[in-house]
Amino acid sequence: MESRITTDDVAKVARLARLRLTDDELDRFTHQLSDILDHAADIEALELDDVEPMARPVPLSNVLRSDEPNDPLDRDAVLAAAPSTEDGQFRVSPVLGEAP
Amino acid sequence: MSLDLDVWEIVIGLEVHTELLTRTKLFSGAVNRFGGEPNTHIDPMTLGLPGALPVLNEHAVELAIRVGLALNCTVQRSVFARKNYFYPDQPKNYQISQYELPINADGWLELPSGKRVGIERAHLEEDTGKSTHVGGGGRIHDARYSLVDLNRAGVPLLEIVGRPDLRTADEAKAYVSELRSILVAVGASDGKMEEGSLRVDCNVSVRHRGDSDFGTRCEIKNINSLRAMGRAIDYEAARQADLISSGEAVVQQTRHWNDTEGRTTLLRSKEDADDYRYFPDPDLVEIDPGPEWIERVRAALPMLPSARRHRLAERTGAELERTALVVERGLDELCLTAVDAGADPERVLTHAEHNLADERAAGLDPEAFAQLVAMETDGRLTATQTKAVLAEMVDTGDGPDAIAARHGYEAMDSGSLEPIVDGLIEANPAEWERFCDGDAKVAGFFVGQVMKATQGKADGKAVTALLNARRG
């Protein structure tokens, strides 16, 4: 049967996720993702018109915390773990263009 | 560039982000406070450290519901989604937002003109950190490196997406002002555009007047004031109309407003929502406030600006549009109480509009204000004296009687005016004859003379009445 996802789709998703894939990997992942989508299609075949979409299996809602502050992390300790810092800030490579 | 509005129609839809007035961030207990030393309002969630899990701030939800109800939205079951993109001011590499199911949907707000503007949605999401680009004159494309401060990352935002119902820059300004008043009234935001707690993105397109289809739109970012927004809209509309007139097409894109140069420039081609790969955040459960919570919030809402405008218009008999400034100054309660105490509504509104710009005016004693207006309408004080007394009442908190007495603005009834007027008639027989022959202009001469003789204490209307009485 025709693949549900093309190597172009996979290459695009990889680019958005900043993953560099070889041609072999592209083929392999295209097949694997296609199999997963086939499996999802089995569910699509069921009569589900009366079923609410479900984002997660546990029926929980309104898990909330009160608006009370915690102690902050120590800035020096946090910055010490960063590859590069300046003036109390994280120093990062120039941001060229916009993502994605 | 300017636009011929007989030919073109501008279509504007605004996206307003407001920071919510909570003590802590949307998903963690790091403090939500403007400014501060860089990277001092941080915790594992803010930093996107491995294993850090989000827990939703109840007060942020409460504020979102308040805004939703104030904007006549349906408050509904909602789900948080991850919006995936890489940017250093957002260390998790995704922003937690709401996508398919926002907490507030499908509402409207009413402008002071009475026009209703649709609200598509108002959803919760987290703010990003702040980047400073170093080198290359601070421009993003030429920077050598960037510095990141994460104090703002994770601060709760409400994104309010308006429908493309606005047609002029002035209408867009009125919409933002109204929205800001509502946000401040319900305690959701401090409404400070200059501190970034209220941020506006404008979607602008143009079409030939009479067309029913919308043109291709551009989104304008980096708008820091209402004035800048008005200029940006007019510039962008003219740019698009020029393109169309010269046979070119408008390309959908995001543009950057440069307030110094007064123009928009290309920031990026519009991204596809698919590229963000939204999906429900598995670390968070849905919010389903339920009728009890929603009704509790509704019952605690203050009276909103549009309702206050209608109330003031009804009880003073004024035009609706005239009430906007008085309500914006927070003087409507004062005016209504003064009117209830018997003051003339027309004079009360006139003073609120013209003589009470001072922000302390809302603290005036309404009874004293009513008393002053009565002194004016009874003719015991002239309009000029009333204005002076009012200013001093705001300044000192003293009563109108005491202030009028201090200035010698004693009541000058027609009894004490009579000898002055009679004296003037006698001294100016030629003028008096012309007045008696119906030359209305000479009345001004007599009134002026009376004012001179009384150092302005006489009531002009009383003088005129007396002159007419003497003429018989």
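About the criteria used
- Residues numbered from 1 in each chain as written.
- Chains lettered and ligands numbered in written order.
- Predicted model: local features only at pLDDT ≥ 70, side-chain atom pairs only at ≥ 80, totals over all residues.
- Heavy atoms only, no water.
- Phe/Tyr/Trp six-rings, centres within 6.5 Å; stacked < 30°, edge-to-face > 60°.
- Helix = DSSP H or I, 4+ residues; strand = E, 2+ residues; numbered from the N terminus.
- Pairing = 2+ DSSP bridges.
- Right-handed = clockwise from strand over helix to strand, strands pointing away.
- Patch = residues over 30% accessible without salt bridge, like charges linked within 9 Å, V, L, I, M, F, W, Y side chains within 5 Å.
- Areas by Shrake-Rupley, 256 points an atom, 1.4 Å probe, with all protein chains shown as cover.
- Salt bridge = Lys/Arg side-chain N within 4 Å of Asp/Glu carboxyl O.
- Domains from an automatic or database assignment.
- Contact = heavy atoms within 4.5 Å.
- Buried area = accessible area lost by both parts, 1.4 Å probe.
- Polar contact = N/O pair within 3.5 Å; in protein donor to acceptor, adjacent residues only side chain to side chain.

*Asks:* Even after reading the chapter, I still don't get the packing of aromatic side chains, so can you show me in this structure?
*Replies:* Two descriptors summarise a pair of aromatic rings, namely the distance from one centre to the other and the angle between the planes of the rings. Residue and element names in this part refer to chain B. Going through the model one piece at a time under the given rule, you end up with nine aromatic pairs over all chains. Each ring, one from Trp432 and one from Phe435, has its centre 5.4 Å from the other, and the planes form 25°; the classification is stacked. Taken as a pair, Trp432 and Phe435 lie in helix α14 (residues 429-436) at a separation of three residues, close to a single helical turn. Summarising the aromatic geometry, the rings of Trp432 and Phe446 are spaced 5.8 Å apart at their centres and angled 85° between planes, so their arrangement reads as edge-to-face.

*Asks:* Mind showing me how you'd approach the pairing of strand β13 (residues 253-258) of chain B here?
*Replies:* Residues in a regular strand point their side chains to alternate faces of the sheet. Residues and elements named next belong to chain B. In this sheet, β13 lies alongside strand β12 (residues 218-223) in parallel orientation, the contact comprising three bridges. Across the sheet, the residue bridging to Glu219 is Thr254, located in β13. Remark: the β12/helix α4 (residues 226-245)/β13 crossover connection has left-handed handedness. Here β13 pairs with strand β14 (residues 263-269) via six bridges, running antiparallel. For Gln253, the partnering residue across the bridge sits in β14 and is Ser269. Between β13 and β14, which pair antiparallel and follow one another directly, the connecting turn spans four residues, one of which, Gly262, has a positive phi of 70°.

*Asks:* Which parts of the structure should I look at to understand a nonpolar patch on the surface?
*Replies:* Together, Ile43, Leu46, Leu48 and Val51 of chain A line one region of the surface with nonpolar side chains, adding up to about 360 Å² of accessible area. Relative to the elements of secondary structure, Leu48 of chain A occurs in the loop between α2 (23-44) and β1 (64-65).

*Asks:* I keep staring at the domain arrangement of chain B and nothing clicks. Help me out?
*Replies:* Many structure descriptions define interface size as the accessible area lost when the parts assemble. Residue and element names in this part refer to chain B. Segmenting chain B into domains produces domain 1 (8-299), domain 2 (305-407) and domain 3 (414-471). Once you take the C-alpha centre of each, domain 1 and domain 2 turn out to be 39 Å apart. The interface is formed by nine residues belonging to domain 1 together with seven residues belonging to domain 2. Between domain 1 and domain 2, a total of about 580 Å² is buried, with carbon and sulfur atoms accounting for 55% of that surface. The largest share of the area that domain 1 buries against domain 2 comes from Glu110, Pro112 and Glu178, three residues that together contribute 64% of it. For the pair domain 1 and domain 2, the interface holds one salt bridge. A salt bridge links Arg309 to Glu178; its shortest N-O distance comes to 2.8 Å. Counting across the domain 1 and domain 2 interface gives three residue pairs in polar contact (both at pLDDT 80 or more).

*Asks:* Can you help me understand the interface of chain A and chain B in this one?
*Replies:* With 37 residues of chain A in contact, the opposing surface of chain B contributes 54 residues. Buried area between chain A and chain B, both sides added, is near 4000 Å², and the carbon and sulfur share of it is 57%. For the pair chain A and chain B, the number of links is four salt bridges. Here Arg23 of chain B and Glu68 of chain A are joined by a salt bridge, their closest N and O atoms 3.1 Å apart. Joining chain A to chain B, the criterion identifies 23 residue pairs in polar contact (both at pLDDT 80 or more). For the side of chain A that touches chain B, the secondary structure elements donating two or more residues are α1 (7-16), β1, α3 (75-80) and β3 (89-92) of chain A.

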